[in-house]
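Observations on the three-dimensional arrangement
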Amino acid sequence: MSQKPAIPKGTRDFLPSDVFKRNYIFDKIKSVFKLYGFAPIETPSFELSGTLLGKYGEEGDRLIFRILNSGEKMKKADVQALQEENLPRFANSLAEKALRYDLTVPFARFVVQHQNELSFPFKRYQIQPVWRADRPQHGRYQEFYQCDADVVGSDSLLYEIELVQIFDAVLTKLNLPGFTIKINNRKILSGIAEMSGESDRIVDITVAIDKLDKIGEEGVINELRNKSISEIAIEKIKPLFQLQGTNAERIQLMKILLKESEIGMKGIEELEFVLNAIHNLGLERGELEFDVTLARGLNYYTGAIFEVKAHDVKMGSICGGGRYDDLTGLFGLKGLSGVGISFGADRIYDVLNELNLFPADVTGGLSVLFVNFGEKEVTKCLELAAELRKSGIDCEIYPSTAKLQKQMKYANDRGVKYTILLGENELASQTVILKDMISGIQTQVSFTDLIGNIK
RNA sequence: GAGGUUGUAGCUCAGUUGGUUAGAGCGCCGGAUUGUGGUUCCGGAGGUCGCGGGUUCGAGACCCGUCUUCCUCCCCA
């Protein structure tokens, strides 16, 4: 057993049927991105460590895969830092490069670097794998694909509307029966922190209330206390837990709660604009829900925050996104607002698999297999195969004159739609036997009628 | 990063308090069927019991370490 090969934890191999299914998801996502005017870009799998570190908070840094320096660069190791037990600095001296952790930060770097070649607002999509040194769990991998669409260079709320429509369009196209698009606004969260008198504790407060549906009201209050948020503040936060009813009703309540907070009211105004627009436009299958407890950990969001959950399946969020006013600021380009969303292709894959929502023909089996009867017959098969391919019909010839039984079984395993039997008798009569592998029906057709009988 | 859990044939899993030669189903290969697959029947191959060490006359089973699996926390797609 020790000789058996293995792959690292949290990674997966993909068989042809898996890749067909994944491409099906990618194709739907791409087609919608394109409909909304997004253009594709790609960035390297790994970036300079400095580009990534410090962008995802302390937690995030821990989850970034580092690439060990090679050759002479090994000598750059900061041994002194090791002796001082400053492990982060030691690690940085050992690894100048790191695998990308998401697509957003590399995109920000990309925008700053190519700012003079881009016209703004710049709309890009990007479908590439990312890597996280996380503990693998259900729906959680160390290597997985993200499918991002972002707009940078405009603070127009029209894009928030577009992105909600994209969530809806893609997931509807993928035939997902039900899903909730949760929306919130970071400014509302700031408003909450402000009116509770704990403005500088916004992260602790939001991280705590984000867990409401998981640990309940008591749990959240305990966590707030543990983080030494004042009792007065907690009393002021409590009404949030009761927030219910339609989006419009929730908005009205929040307007009362946050009336003292300028930034909070600004957030409500933005949110209301998006909710109203979507309400008027309507969604296909998605439900848009204002969820004040939606926080999301990434600290670069400044406006709208999105998260999508599929119904009837135990799985974390399948999409996320939000507005970040100053992401490129980290790389020295100020004043460019961006907003974007991300589809978690691997989680969507798992959900579609679990709910059995992949179309039957997605695995794209071979259309036609020529059974091999011998040298003379194969010569004719080669000619016919060339004609089929010219007409766009994919086909193969079985490579050897194995027993017919074996050849038929192979055709069956490959999911072949038609087999063509061309033996001695058929060659003499200029015909083939065309067998429909699903119905089992065989028909004798002439060489010239063959193409017309396939499909 | 913390705690727990799992690992036996290609796959899913049995395997009693430690005791001969480690089993089943499915899959695979061959045959029944020399020009017919997906059904049936018969036969066969395939395992250093995750890996390393220890206890023992004897370990798949017990102990330690390690890797892996899944789960909770953390965080997230």
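Owing to the predicted nature of the structure, the values given are computational and were not obtained by experimental measurement.

1. Some thoughts on the overall build of chain A
Each helix and strand counted, chain A has 17 helices and 16 strands in total. Along the first, second and third principal axes, the C-alpha set of chain A runs to 95 × 65 × 50 Å. Put simply, of all contacts in chain A between residues at least 6 apart along the chain, 69% involve residues at least 24 apart. Carbon and sulfur atoms make up 51% of the accessible area of chain A, which amounts to about 23000 Å² in all.

2. Let's talk about the sheet that holds strand E5 (residues 122–131)
Read from one edge of the open sheet, eight strands run E1-E5-E6-E11-E10-E9-E7-E8, paired in mixed fashion. Either end of the sheet is taken by a strand with one partner, and the two such strands are strand E1 (39–40) and strand E8 (286–290). Sheet topology places strand E6 (residues 143–152) next to strand E11 (residues 338–344); seven bridges connect them, and they run antiparallel. Bridge pairing in E11 links glutamine 146 to glycine 344. Each of E5, E6, strand E7 (179–185), E8, strand E9 (304–310), strand E10 (319–324) and E11 is contacted by helix H7 (residues 158–173), which is oriented at about 10° to E11, the strand it contacts most. The strands touched by helix H14 (residues 345–354) within the sheet are E6, E9 and E11, with E11 carrying the most contacts at an inclination of about 40°.

3. Observations regarding unusual backbone geometry
Here the residue pair phenylalanine 120 and proline 121 is connected by a cis peptide bond, since its omega of 0° sits within 30 degrees of zero. Looking at the element boundaries, proline 121 is found in the loop between helix H6 (104–113) and E5. Located in the positive-phi region is asparagine 356, a residue other than glycine, with phi close to 60°. Along the polypeptide, asparagine 356 turns up in the loop between H14 and strand E12 (368–370).

4. Quick word on the side chain of glutamate 307
Among the structural elements, glutamate 307 can be located in strand E9. The class for glutamate 307 is buried, based on a relative accessible area of 17%. Those residues within four positions of glutamate 307 in sequence are excluded, and the remaining contacts are Thr180, Ile181, Lys182, Leu294, Arg296, Ser317, Cys319 and Gly320.

5. Some thoughts on the protein's contact with RNA strand B
Taken together, 46 residues are adjacent to RNA strand B, and His138, Arg140, Ser317, Met437 and Gln442 come closest. Near the protein, within 4 Å, the atoms of RNA strand B are sugar or phosphate in 52% of cases. At a separation of 2.5 Å, a sugar or linking oxygen of RNA strand B approaches a polar backbone atom of serine 317. With respect to RNA strand B, the side chain of arginine 347 contributes an N or O atom lying 2.5 Å from a sugar or linking oxygen. Among the secondary structure elements, those contributing two or more residues to the surface near RNA strand B are helix H3 (57–62), E6, helix H16 (404–413), helix H17 (424–429) and strand E15 (431–436). Here the element with the most residues in the surface near RNA strand B is H16; it accounts for six residues. When the residues that make up the surface near RNA strand B are grouped by side-chain class, the tally is 13 nonpolar, 14 polar and 19 charged.

6. Regarding the pairing of E5
Among the 10 residues of E5, 10 are classified as buried, and the element is accordingly described as predominantly covered. Here two bridges tie E1 to E5, and the two strands are oriented parallel to one another. Looking across to E5, one finds that proline 40 is bridged to tyrosine 125. Pairing geometry for E5 and E6, over 10 bridges, is antiparallel. Each bridged residue has a counterpart across the sheet, and for tryptophan 131 the counterpart in E6 is glutamate 143.

7. Structural notes on the pattern of salt bridges
Using the criterion set out here, one finds 19 salt bridges in the structure. Between lysine 211 and glutamate 223 there is a salt bridge, and its shortest N-O distance comes to 2.8 Å. Within this pair, whereas lysine 211 is found in the loop between helix H9 (202–209) and helix H10 (212–226), its partner glutamate 223 is found in helix H10, the two being separated by 12 residues in sequence. Looking at glutamate 223, the relative accessible area reads 16%, which means it is buried. Note that lysine 238 and glutamate 235 form a salt bridge whose closest N and O atoms lie 3.3 Å from each other. On the basis of relative accessible area, lysine 238 is assigned to the partly exposed category, the value being 27%. The partly exposed category is assigned to glutamate 235, whose relative accessible area is 46%.

Rules used in this analysis
Counting starts from 1 at the beginning of each chain's written sequence and moves along it residue by residue. As a convention, the first chain written is A and the first ligand written is 1, with the rest following in written order. Local features are withheld for residues below a pLDDT of 70 in this predicted model, meaning they are given only at 70 or higher, and side-chain atom pairs are given and counted only at 80 or more; totals for whole chains, interfaces and linings count all residues. Side-chain numbers here rest on the full set of heavy atoms in the structure, without hydrogens or water. We count a stretch as a helix when DSSP gives it H or I for four or more residues in a row; a strand needs E for two or more, and each element gets its number in order from the N terminus. Here, residues are in contact when the closest pair of their heavy atoms is within 4.5 Å. A 1.4 Å probe and the Shrake-Rupley method give the accessible areas. Residues count as covered only by the protein chains that appear here. A pair of strands is considered paired only if DSSP assigns at least 2 bridges between the two. Axis angles are defined between N-to-C directions and span 0 to 180 degrees, where every axis is a line fitted to C-alpha atoms and, for a helix, only to the segment in contact. Buried, partly exposed and exposed residues are distinguished by accessible area as a fraction of the type maximum, computed with a 1.4 Å probe on protein chains only: under 20%, between the cut-offs, and over 50%, respectively. We call a residue near a molecule or strand whenever a single non-hydrogen atom of that residue lies within 4 Å of it. Contacts described as polar in this section are N or O atom pairs within 3.5 Å, which, within protein, must combine one atom able to donate a hydrogen with one able to accept it, while residues neighboring in sequence count only if both atoms come from side chains. Gly is put with the polar residues, along with every residue not named as nonpolar or charged; the nonpolar set is Ala, Val, Leu, Ile, Met, Phe, Trp, Tyr, Cys and Pro, and the charged set is Asp, Glu, Lys and Arg. Whenever Lys or Arg places a side-chain nitrogen within 4 Å of a carboxyl oxygen from Asp or Glu, that contact is recorded as a salt bridge.

The quantities given are spatial measurements derived from coordinates; they are silent on function.
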